[in-house]
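Architecture and fold: a report
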Amino acid sequence: MIPASFDYESPKTLNEAITLLASREDAKLLAGGHSLLPAMKLRLASPALLIDLGRIGGLDYIRDSGETISIGALATHAAVAASRLLLASSPLLAQAACNIGDIQVRNRGTIGGSLAQAHPSADYPAAILALDANIVATSQSGERVIPAHSFFTGMFTTALRPDEIITEIRVPKTAGSGTVYKKFHHPASGYAVVGVAAVVRGATGKIDDVAIGITGVAEVAYRATAVEDALRGKPASAIAEAAKHAADKVEALGDNYASGDYRRHLAQVYTRRALQEALSSKRK
Amino acid sequence: MANEERPTTTGFSVIGKRTAMVDAAEKTTGAGKYTDDLSVPGMLVGKILHSPYPHARIKRIDASKAQALEGVSAVVTGEDAPVTYGILPIGHDEHALAVDKVRYVGDNVACVAAETEAIAEQALELIDVEYELLPAWFDPEQSMKAEAEFIHEGRPHNIEKEYHHVFGDPEKGFAESDYVHEARYIANEVTHAAMEPHSTLASFELDPHTGKLGRLTVWSSTQVPYYLQHKLSLVLEMPMAQIRVIKPLVGGGFGGKSEVIPLEIIAAIAARAAKRPVKITYTREEVFWAHRGRPRTIVDLKTGVKKDGRIVAVRARVVQDGGAYCSYGPVTILYSGALLGAIYDIPNVGYDGYRVLTNKPACGAMRGHGTVNVRFAFESQLDEICAALKLDPKEVRQKNFLKPPCITVNNLRVLSYGLPDCVQKVAAASRWKERRGKLGRGRGLGMGCSHYVSGAANSIIRSDMPHSTVNIKVDRDGGVVVYTGASEIGQGSDTMTAQVAAEVLGCALSRVRVVAADTDLTPIDIGSYSSRVTMMAGNATLRAAEEIRKQIASAAARKMNCAPEDLVFREDKVLNNNLGARALSPAKEHRNAAEILETTDAPRGPSVSGRVEGQILRGSLQQKRKEEGPKDWMTFEEAVVAAIDFHGALTGTGSYAPSLDARGGKFKGAGVGPSPAYSYSAQVAEVSVDEETGEVTVHKVWAAHDCGRALNPVSVEGQIIGSVWMGLGQALQEEMVWKDGMLMNPGLLEYRSPSSVESPEIEPFIVESIDPEGPFGAKECSEGSLAATIPAIANAIYDAVGIRLREAPFTPERVLAALRAQKNAKKLNLTEGVDPTSPARFREHGGALWFRGKGPQRHPRDPAITGQQGSAGGDD
Ligand SMILES: Cc1cc2nc3c(=O)[nH]c(=O)nc-3n(C[C@H](O)[C@H](O)[C@H](O)COP(=O)(O)OP(=O)(O)OC[C@H]3O[C@@H](n4cnc5c(N)ncnc54)[C@H](O)[C@@H]3O)c2cc1C
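Note that this is a predicted model, so its numbers are computed, not measured.

Parameters and conventions
Each chain carries its own residue numbering, running from 1 in the written order of its sequence. Chain letters and ligand numbers both follow the written order, the letters beginning at A and the numbers at 1. Only residues with pLDDT of at least 70 are given local features in this predicted model, and only at 80 or more are side-chain atom pairs given and counted; all residues enter the totals for whole chains, interfaces and linings. Only runs of H or I of at least four residues qualify as helices and only runs of E of at least two qualify as strands under DSSP, and these elements are numbered from the N terminus. Note that the radius of gyration is over C-alpha atoms, with the globule rule given as 2.2 Å times the number of residues to the power 0.38. Our exposure labels follow a C-beta count within 10 Å of each residue's own C-beta, placed from the backbone: buried means 20 or more other C-beta atoms, exposed means 12 or fewer, and partly exposed covers the counts in between. Any pair of residues counts as being in contact when their C-beta atoms, constructed from backbone geometry, are within 7 Å of one another. Start and end positions for the domains come from either an automated domain assignment or a database one. Residue proximity rests on one test: whether the C-beta atom, placed from the backbone, lies within 6 Å of the molecule or strand. Note on residue categories: nonpolar means Ala, Val, Leu, Ile, Met, Phe, Trp, Tyr, Cys or Pro, charged means Asp, Glu, Lys or Arg, and polar means any other residue, Gly included. A set of buried Ala, Val, Leu, Ile, Met, Phe, Trp, Tyr and Cys residues, joined to one another through C-beta atoms within 7 Å, is what we call a nonpolar core. Note: pLDDT gives the predictor's confidence per residue, expressed from 0 to 100. The axes are straight lines fitted to the C-alpha atoms, using for helices just the contacting stretch, and the angles between their N-to-C directions are given from 0 to 180°. For any helix crossing, the convention is left-handed if the near helix is rotated counterclockwise from the far helix by under a right angle, and right-handed if that rotation is clockwise. In these notes the angle categories are as follows: under 35 degrees is roughly parallel, over 145 is roughly antiparallel, 65 to 115 is roughly perpendicular, and the rest is oblique. For two strands to pair, DSSP has to find at least two bridges joining them. Expected helix span is taken as 1.5 Å per residue step, with the number of steps being one fewer than the number of residues. For the handedness criterion, the strands are oriented away from the viewer, and a crossover whose path from the first strand over the helix to the second runs clockwise is classed as right-handed.

**Looking at the overall build of chain A**
A count of helices and strands for chain A gives twelve helices and 14 strands. Against the globule reference of 19 Å for 284 residues, chain A gives a C-alpha radius of gyration of 19 Å, in line with a compact fold. Residues classed as buried in chain A amount to 54% of the 284 residues present. Considering only residue pairs separated by 6 or more positions, chain A has 63% of its internal contacts joining residues 24 or more positions apart.

**Digging into the domain arrangement of chain A**
We note that the domain assignment places domain 1 (7-51), domain 2 (62-172) and domain 3 (177-283) within chain A. Taking the mean C-alpha position of each, domain 1 of chain A and domain 3 of chain A sit 35 Å from one another.

**Points about the site of the ligand**
The ligand sits among 34 residues. The nearest are Gly32, Gly101, Gly109, Gly112 and Gly113 of chain A. More than a single chain frames the ligand: its nearby residues are located in chains A and B. Contributions of two or more residues to the shell around the ligand are made by β2 (27-30), α2 (36-41), α6 (103-108), α7 (111-117) and β10 (165-172) of chain A. Per-element accounting of the shell around the ligand gives the leading share, five residues, to α7 of chain A. Residue classes in the shell around the ligand are distributed as 17 nonpolar, 14 polar and three charged.

**Details of the nonpolar core**
Residue and element names in this part refer to chain B. One finds Ile266, Ala270, Ala501, Ala556, Ile793 and Ile797 to be the most contacted residues of the largest nonpolar core, which totals 260 residues. Sorting elements by how many residues they give to this core places helix α15 (residues 533-560) first, with 14 residues. Among residues more than four places away in sequence, those in contact with Ala501 are Ile472, Val480, Val482, Val512, Thr541 and Ala545.

**Remarks on the confidence of the model for chain B**
Residue and element names in this part refer to chain B. In this model, chain B carries an average pLDDT of 89, and 87% of its residues clear a pLDDT of 70 or more. Scored below 50 in pLDDT, residues 1-9 shows seven contacts in the model against residues more than four places distant or in partner chains. Long-range and interchain partners of residues 830-876, a stretch whose pLDDT sits below 50, account for 116 contacts in this model, where long-range means more than four residues apart. The ipTM assigned to the predicted complex is 0.93, against a pTM of 0.92.

**Topic: the environment of Ser430 of chain B**
Residue and element names in this part refer to chain B. Mapping Ser430 onto the fold places it in the loop between α12 (419-429) and α13 (432-435). Separated by 254 residues in sequence, Ser430 and Val684 have C-alpha atoms that sit 7.0 Å apart. Excluding its chain neighbours within four sequence positions, the residues that come into contact with Ser430 are Arg435, Leu445, Val684, Glu686 and Trp702.

**As for the packing of helix α10 (residues 372-389) of chain B against helix α20 (residues 786-801) of chain B**
Residue and element names in this part refer to chain B. α20 packs onto α10 with a crossing angle of 30° between their chain directions and a minimal axis gap of 8 Å. α20 is crossed by α10, and the crossing has right-handed handedness. Contacts between α10 and α20 involve Val372, Arg375, Phe376, Glu379, Ser380, Asp383 and Ala387 on the former and, on the latter, Leu786, Ala787, Ile790, Pro791, Ala794, Asn795 and Tyr798. A class-by-class count of the residues in the contact of α10 with α20 yields nine nonpolar, two polar and three charged.

**As for the packing of helix α14 (residues 493-505) of chain B against α15 of chain B**
Residues and elements named next belong to chain B. Their axes nearest at 9 Å, the elements α14 and α15 cross at an angle of 30°. In terms of orientation, α14 and α15 fall into the roughly parallel class. By crossing handedness, the relation of α14 to α15 is classed as right-handed. Taken together, the residues of α15 that come into contact with α14 (itself represented by Ser493, Met496, Thr497, Val500, Ala501, Val504 and Leu505) are Val533, Thr534, Ala537, Gly538, Thr541, Leu542, Ala545, Glu546, Ile548 and Arg549.

**Some thoughts on the sheet that holds β10 of chain A**
Residues and elements named next belong to chain A. Pairing in this open sheet of five strands is antiparallel, and the strands run β4-β5-β10-β6-β7 from one edge to the other. With partners counted over all chains shown, the strands left at the sheet margins are β4 (62-65) and β7 (142-147), one partner each. Going from strand to strand, the sheet's axes swing by 25° on average, the running direction of each strand aside. Pairing geometry for strand β5 (residues 68-72) and β10, over five bridges, is antiparallel. What sits directly across from Ile71, in β10, is Ile169. Here helix α1 (residues 14-23) sits on the sheet in contact with β6 (134-139) and β10, set at roughly 120° to β10.

**Notes on helix α18 (residues 636-647) of chain B**
Residue and element names in this part refer to chain B. Helix length check: α18 (twelve residues) gives 16 Å between terminal C-alpha atoms against 16 Å at 1.5 Å per residue, within 8%. Turning to α18, its buried residues number three or more, namely Phe636, Glu637, Glu638, Ala639, Val640, Val641, Ala642 and Ala643. Downstream of α18 by one or two residues, Gly648 has phi in the positive range, about 90°.

**What to know about the domain arrangement of chain B**
Residues and elements named next belong to chain B. Domain boundaries assigned for chain B yield domain 1 (35-134 + 197-250 + 257-290), domain 2 (156-191 + 292-459 + 663-822) and domain 3 (465-517 + 528-656). Centre-to-centre, using C-alpha coordinates, domain 1 lies 37 Å away from domain 2. With 21 residues of domain 1 at the contact, the number on the domain 2 side is 23 residues. Across the side of domain 1 that touches domain 2, the residue classes break down as nine nonpolar, five polar and seven charged.

**Remarks on the sheet that holds strand β2 (residues 56-62) of chain B**
Residue and element names in this part refer to chain B. What the three strands build is an open sheet, ordered β4-β2-β6; its pairing is antiparallel. The open sheet has two free edges, formed respectively by β4 (101-102) and β6 (128-133), since each of these has just one partner strand. Taken together, the six bridges between β2 and β6 define a ladder with antiparallel strand orientation. In the sheet register, Asp62 faces β6, and the bridge partner there is Asp128.

**What to know about the pairing of strand β11 (residues 177-185) of chain A**
Residue and element names in this part refer to chain A. Counting buried positions along β11 gives eight out of nine residues, so the element sits mostly inside the fold. Relative to strand β12 (residues 192-203), β11 is paired through nine bridges, and the arrangement is antiparallel. Paired with Gly178 across the strands is Val200, a residue of β12. Turn length for the β11-β12 hairpin, with the two strands adjacent in sequence and antiparallel, is six residues, and the turn residue Gly190 shows positive phi of about 90°.

**A word on the pairing of strand β21 (residues 512-516) of chain B**
Taken residue by residue, a regular strand's side chains alternate between the two faces of the sheet. Residues and elements named next belong to chain B. Residues Val512, Val514 and Ala516 line the buried face of β21, whereas the alternating positions Arg513 and Val515 sit on a face that is not buried. Across five bridges, the pairing between strand β20 (residues 480-484) and β21 is parallel. Bridging across to β21, Val482 finds its partner in Val514. Tracing the backbone out of β20, into α14 and back to the parallel element β21 gives a crossover that is right-handed.

Spelled out as C-alpha cells, the structure:
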C-alpha cells in the first residue's frame, strides 16, 4: 500500500521543529523512518504533517559529559554500536545497538526514534532501563528530564507529551561493572523475542549491585526487580535460582512465533546467562 | 542416442568450465529489466480487490462508485471473463475474478485500472460487495469429512483427487519384515518467497480508426510463457496467435510462477475493458495470497526392514492440504507417491494419496515438487529404524541402493545413479564414522538423501509434441543466436543454452546470444519447472547446434578439400582433424591465429565490413586467407561465411522428446514420476541444540549432488547451496501460520527464508554420473538437494539430543517441547494461539507493525466472530 498523502517540512533548527510540532496536532516527527514509514504504508499511521528531523544539524553527537555520556537523539544505531566512548565507559547501549535489526536498519534508525516508538520488542528499552538512563525531552516550555523507569508507559506509548521532542539520552558510566545484552532474535524481523540487559557490580563472585532490563516479554520493557532483590549482596551461586523470577508478575504476551509461556521461559534462561556472563566479563 | 558420437569423448572447451551467468552484468548493475521496470505509453495501474472471507457467495457487486471516481478507467469483475481455467487440463476450476463464490481470504473479486496506484486503491474501497457467508474448511482431515457446502461442485468431501497404488505386495512384505516402524510426520506449509513479486503488463493494439482491439502483448514474471499464452487465449476467448507473451528478467520462481497466476489474466481483462495498457504488480502480501506453495502434508508412514536394515516394504498415507483450487495438486500428490520409494531398491510399496481442498490459498508446485515432505518422513523413519536396530544409517542406505540400469517397482527407468558416490563423499568429508554419535550431548550429525526428476517424461498437456524445440541462426560475422522458449528465472537457463551451443559449434561463448521466452519469436518449450530445462532445452539446443555444425562442416570441407567428418570445431576454429590439430597446440600458428582473432576479429566487437564479391571481408585477413587456397583450418567466422555462401542463411532446429522407455507404466496416475533421468543427493548436517531454549544451530552441511555432468560447476554449486538454504528454512523456521483461514504472517518481517546472512558453512560436492540421455550427460541440479536437508537436520538433532522431531519446522518451541517430553518435565503451554480478532492480546507479527487495536480487520459477519465457525468443522 502507499501512504495517505501528507505535508512535509524539514526544519533546519530544533527551535523550528519544536514550533512546527506545537502548531499542528496531526504532525509526526520523522527520524530514521524505519518504524514510521512502514506504519504509514500500512495506513496504521496517517499523519497530516511529517516533520523531518534529519536536516537539523548537531543532534547526532555522542559525548563525554563527566559522570554521564550524552547521546543526541539522532545518533544512529550504527553510531552507538561503534562508539569508542560508549564501548570504553558504558558499553551496554552499544551492545544492544549492534543487535538491532540488520545493517540498513542500524544505519538509518535513531536512538530517539526507537525510544519514542517504544516497541515492545525493541532492544534499547531494556538497556536504558538497566542503566537508569535519563531521557531529555524538549518543547516550547523547555527541557524535561524523564528517568527511564517512568518513560515507557505501555505498548507503543511513552511519557512523552505530543509537543515534546527527544533531544538527548544520558547514560551513566558503568566503570567497574560488567554489562551484557543477551538477545533471542526473531528469525524474520530481527526484533527481540526476548532481550535481557544486565549490569552487575561486584567483586570475585559476590554481587554488590545488579540491574536487569527485559524486553520482548511483556507489553513494555521492565526491570526484573525480583531477580535484582534476590541477588544484591549475594554470591554468584545465587544467580541460577534468582533468575527463575525474571518474569514474575508480568503478563507475557505471545504471537505467532513464540507464546507468552515460551517468552517467560526464555527470559529466565537469558537472565541467568546474562548475569553469569556479566559477572565474568567484569572480572576480566 | 549414442552420446559417443557427440564431442563428449574429447575434452570440452566451454562446458564444465566455471562460467559467469550470461545475464549477470545486467542483473548486478541494475540495468536489467524485470516486468515491473517496464512501462508503455498510456499505461494504467491495476489493483485487485480481494475477498475478506474464506468461503462466501457473492450476492452482489456494486462498482458504480468506483467507476465514477476520477482517474478510474475500468472496473472489472468475474462477469468480464467467466471462463474457467487451471494449469492442469483436469483442473479447470479457477476464475480470474470470482464468479459466484470466493474460496479463500485473498481470493480475487474485482480489479480497478486507474491512472495512479493511489486512485486505484481509493477506488477499491468504493466497491461494495455483498457476501453470504458459507461454512469454511481449514484443516484437510476435517475437510475430507465434509458432507455439504463443498468448496467446488463435483468434488465431494472436498477431495480434489485420491490415488491408491500398490506395487509388489506390501502386506506380505511387512509380514516378512523383522522390524516394522510406523509414525506420523507433518510438514507445515511453506511458500516460495521469491524476491521479485509477481508482475504483469498487458497491452492491446488499438486500431486508431475503428477503436477495435487487436493483438495482445503480455509481459509477465512467468516460468511458463506458453502456458500463459494458452490460458489467456482460453479465458479471453482469443486465438493464441493473437497473443504474444514475453518474459522479461524474472527474479526467482521456485514454482511460484510455474502456473498462471490470477494477476496475469486479470491485467489482460482490465486492459481490454480500459482499452489501455494495464500493469499489476503484487504487494508482498498479495504474493503470499497467490501462494501456490508447498502444502501442509500429513504423512502416515510404515516401513518394514530385515534385521540388517534391508527395506522390505513401505506404505504411506499422505494427505495434502491443497487450498481452494486444484492448481498442480494431482501432480503434487502423485509425485509424493512416485518418488517415495524409488530412490532405493524397495520391492513392495503401497501408497494412498489424498489431495484435499480447504478454504486457503491454493498450493501448487514448489521446488522439489511433491517429494520434499515425503522425503522428510521417509529419511527420518529410516533413521528411527537405525536407532532401534542399532545400525549405521549410512550403511543401511548403502544396503538399499538401486542397481542401475534398472526399472523401479513403480516403473521408473533409472540409467544413471550417483547416489552411492554422493553418500560416500559426504560421509568421508563429515568424518561420519569417527564423529557420528560421538560429538557429546548437544551436538550431532545426521544424514538424508533425496532424488528428483530431470523434467517429466509426460508433459501435463498430454501431447506427443516434443517438450522443447530450439532454433539457431548464425550471422555472417559468426554471431550465433539461439531462440529458445525455455525461461531464464535466475537458475541459469540462458547460460546453459549458450554454453551448449558454443560447445557444439566450437565457437567462443561470447558469440552466442540467447533470445528466450517470447512466444512470437521462440519455438515452443513448455517452460521452467520440474527441473526440465537442461535435459530438454539443453538436448534441443545441442541438436539444433549439431544441425548448424553439419551445414558449416559441409561447406568448410569443400574449402579445405577434406571430408566433413575430418573436421573438428574447437576454440573458435574449424580444423581438419588430420592436419590442423597443431593449430590448437601452443605452436606458432596457434598464437598467430589467437593474435589475429584478438586484433581484428574480437567476437561481437565492432568491425569494418564491406561487401566484396558476395563476401563480407574484414580487413584484408580473410581476403588473404581466401587466396591462400586449401588450408588445414579456418576461423569459425570464415567457416560460417563459407557455409552461408553455400547454403544461404544458416539456421538449424533441434527438438527433444523423452525416449519412450522413460515414460513409465500404464496404471492410473502413472504419468507422474517418470523422467528421462533422476538426480541424486546425499547430505550430512552438523547441528547443536541449546537444550534450555530449544534453539537449533546448523554448523555445517555437506551436500553432494549427482547432476550427471556439471555443464557449469559454479552454477551447480549455486543451486546446491540455494537448495540447502531453502531446506534449512523449511527445517527450522518457515511456516505459514493460519487462523480461521487468515494468513497470520504474510510478509518478510514475519516469514523468513534463510539467505547468505544466516547461512552455515555449506560444502557442495558435484558427482558426475554421465547420464546417457542428458546433454553431454547432464541432468537436474536445482531441486533435488532441497529434500535431503530437512531430514538431515532432523536426524542430526536426534544424534545431538535424542529427540525425534516429526513436525517441521523444528522451531525452538517444538524442540523445547520435545526435550521436555523426553525428560517428563512439566509441559509449557507452547501452542498458545493468537486471536487476530482480539487485538489486545495480539501484539505484533514478530515485530511487524500491528499497532494496538489495529490488527487485521474482520467483517462483523465473519464466521470467526459470529461463532458459525464451529459448525463448519474448521479447526487449524
Ligand atoms: C526490518 C526492521 C528490523 C528491525 N529490527 C529491530 C530490532 O531488532 N530491534 C529494535 O530495537 N528495533 C528494530 N527495528 C526498529 C528500528 O530500530 C527503528 O529504527 C526504530 O524503532 C525507530 O527509529 P527511527 O529513527 O527509524 O524512527 P522513525 O521511524 O522515524 O520514528 C518512529 C517514531 O518515533 C517518533 N520520533 C522519532 N524521533 C523522535 C524524537 N527525536 N522525539 C520524539 N519522537 C520521535 C516518530 O514520530 C515516530 O512516531 C527494526 C526495523 C525494521 C524496519
